[in-house]
Amino acid sequence: MERRTIGAGALEVGAVGLGCMPMSWAYTGSRQRGDASLRTVHAALDAGGEAATLLDTADMYGPFTNELLIGRVLKERRGEAFVSTKCGLLVGEQHIVANGRPGYVKRACDASLRRLQTETIDLYQLHRVDPEVPVEETWGAMAELVAAGKVRALGLCAVGARAVRRTAHGRPRPGMHDTTLRLLERVQQVFPVSAVEAELSVWSPEALDALLPWCAARGVGFLAAMPLGNGFLTGTLTPGQGFEPDDLRARHPRFTAEMMAANQPLVVGLRRVAERHGATPAQIALAWTLRQGPHVVPIPGAKRARWAEENAGAAAVRLTEADLAEMAALPPALGSWD
Ligand SMILES: NC(=O)c1ccc[n+]([C@@H]2O[C@H](COP(=O)([O-])OP(=O)(O)OC[C@H]3O[C@@H](n4cnc5c(N)ncnc54)[C@H](OP(=O)(O)O)[C@@H]3O)[C@@H](O)[C@H]2O)c1
């Protein structure tokens, strides 16, 4: 697979990674597919060929079970993977809370290393900033983990879309990523940022405004989260289909029957481009993210091996300027978080 180089230390990864979250968290059927999930991770590593496949996990996915799952694979195939995990969010009985205290971050890293059955995490990301702790203190503790050889590089996840008010039709207000950009400037003073992880897809292109250019200007990698629009852009979901109560789409305004029907033109448009390339809508959605910059690595989530194989195939799709213009002319997605 094509390789991409990101961030401080010129980290090299395969162009298409694997988002491991759906195997353990926030999706219908998460937690019930142990062996199928293992096969999915193996399929993603197989598809990477000589390039290390970026596996994106977090201690909160499960919680903890996703890292345990990845650890089972890493035990056998560490050299074929580039491991990204995250700290800073604690799953409680009722709420998810941020914890950015330095002592906690260091303990969380040791626990992740044990679960992942590895001596080094390739990319350690701060999942959310703790409003009670100056981010410089949290980042300083993470930098000490690099100095200790437990972590190779540091990343920051953007604030969630729901933390930012949008206009009625789901378009972001100007400056949607202002908070993240301010945080990035602050942590850069302490230790270099190697990657930013944030939503980027055909139906959520907001990162193109300022966040992606910020990364491009500094050689910082961009991990495109939710590149398949939580599955919608693959064209395999049916308007009105149900989701389990703890599936993030059960509360997502774009996944009501009405909004899924209203956003079908996006799927139709992706399918049209896909037919010209002998590809699938999912591959076209991922090829679009790859075209947004050489520092972009999409991390499509999947818990089926055949999806991981298909998604890896997106690296071979070459979109033309005409394809891109056609996709840019697709109607903006409807459905707001407000
Ligand atoms: N930093 C953050 O705050 C944050 C937030 C969200 C996500 N993320 C990361 O980003 C990754 C990607 O986001 P995501 O997983 O939420 O959303 P996504 O990649 O946009 O979509 C995942 C969904 O698409 C389906 N899918 C994948 N490939 C497919 C294909 N080829 N054909 C049909 N369906 C396909 C999966 O189905 P199956 O489940 O049936 O396989 C899954 O339901 C996550 O796994 C996670 O690592 C990070």
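Reading the values: the criteria
Residues numbered from 1 in each chain as written. Predicted model: local features only at pLDDT ≥ 70, side-chain atom pairs only at ≥ 80, totals over all residues. Heavy atoms only, no water. Helix = DSSP H or I, 4+ residues; strand = E, 2+ residues; numbered from the N terminus. Buried < 20%, exposed > 50% of the residue type's maximum accessible area, 1.4 Å probe, protein only. Salt bridge = Lys/Arg side-chain N within 4 Å of Asp/Glu carboxyl O. Phe/Tyr/Trp six-rings, centres within 6.5 Å; stacked < 30°, edge-to-face > 60°.

As recorded in an unreviewed UniProt entry, the protein goes by Oxidoreductase and comes from Streptomyces alfalfae.

This next bit is on unusual backbone geometry. Following Gly 62, the chain continues into Pro 63 via a peptide bond in cis, with omega recorded as -5°. Its place among the elements puts Pro 63 in the loop between β4 (53–56) and α2 (65–77). Positive phi is not limited to glycine here, since Ala 26 has a value of about 70°. Along the chain, the position of Ala 26 falls in the loop between β3 (18–19) and α1 (34–48). By relative accessible area, Ala 26 is classed as buried at 11%.

To continue, consider the pattern of salt bridges. Tallied over the entire structure, the rule returns 18 salt bridges. For Asp 122, the salt bridge identified is with Arg 78, shortest N-O distance 3.0 Å. Of the two residues, Asp 122 is situated in strand β8 (residues 121–126) and Arg 78 in the loop between α2 and β5 (81–87); the sequence distance between them amounts to 44 residues. Residue Asp 122 is classed as buried on the basis of its relative accessible area of 5%. For Arg 78, a relative accessible area of 22% gives the class partly exposed. Through salt bridges with shared partners, one network takes in Arg 272, Arg 276, Asp 323 and Glu 326.

Let's shift gears to the packing of aromatic side chains. Tallied over the full model, the rule gives 4 aromatic pairs. Centre to centre, the rings of Phe 232 and Phe 255 are 6.3 Å apart; their planes meet at 85°, and the pair counts as edge-to-face. Here Phe 255 lies in the loop between β11 (221–225) and α7 (257–262) and Phe 232 lies in the loop between β11 and α7, a separation of 23 residues in the sequence. Take Phe 232 and Phe 255: they sit in the same class, and that class is buried. Where Phe 243 meets Phe 255, the ring centres are 5.7 Å apart and the plane angle is 85°; that geometry is what we call edge-to-face. Of this pair, Phe 243 sits in the loop between β11 and α7 while Phe 255 sits in the loop between β11 and α7, and the two are 12 residues apart along the sequence. By relative accessible area, Phe 243 is classed as buried at 16%. A relative accessible area of 6% means that Phe 255 is categorised as buried.

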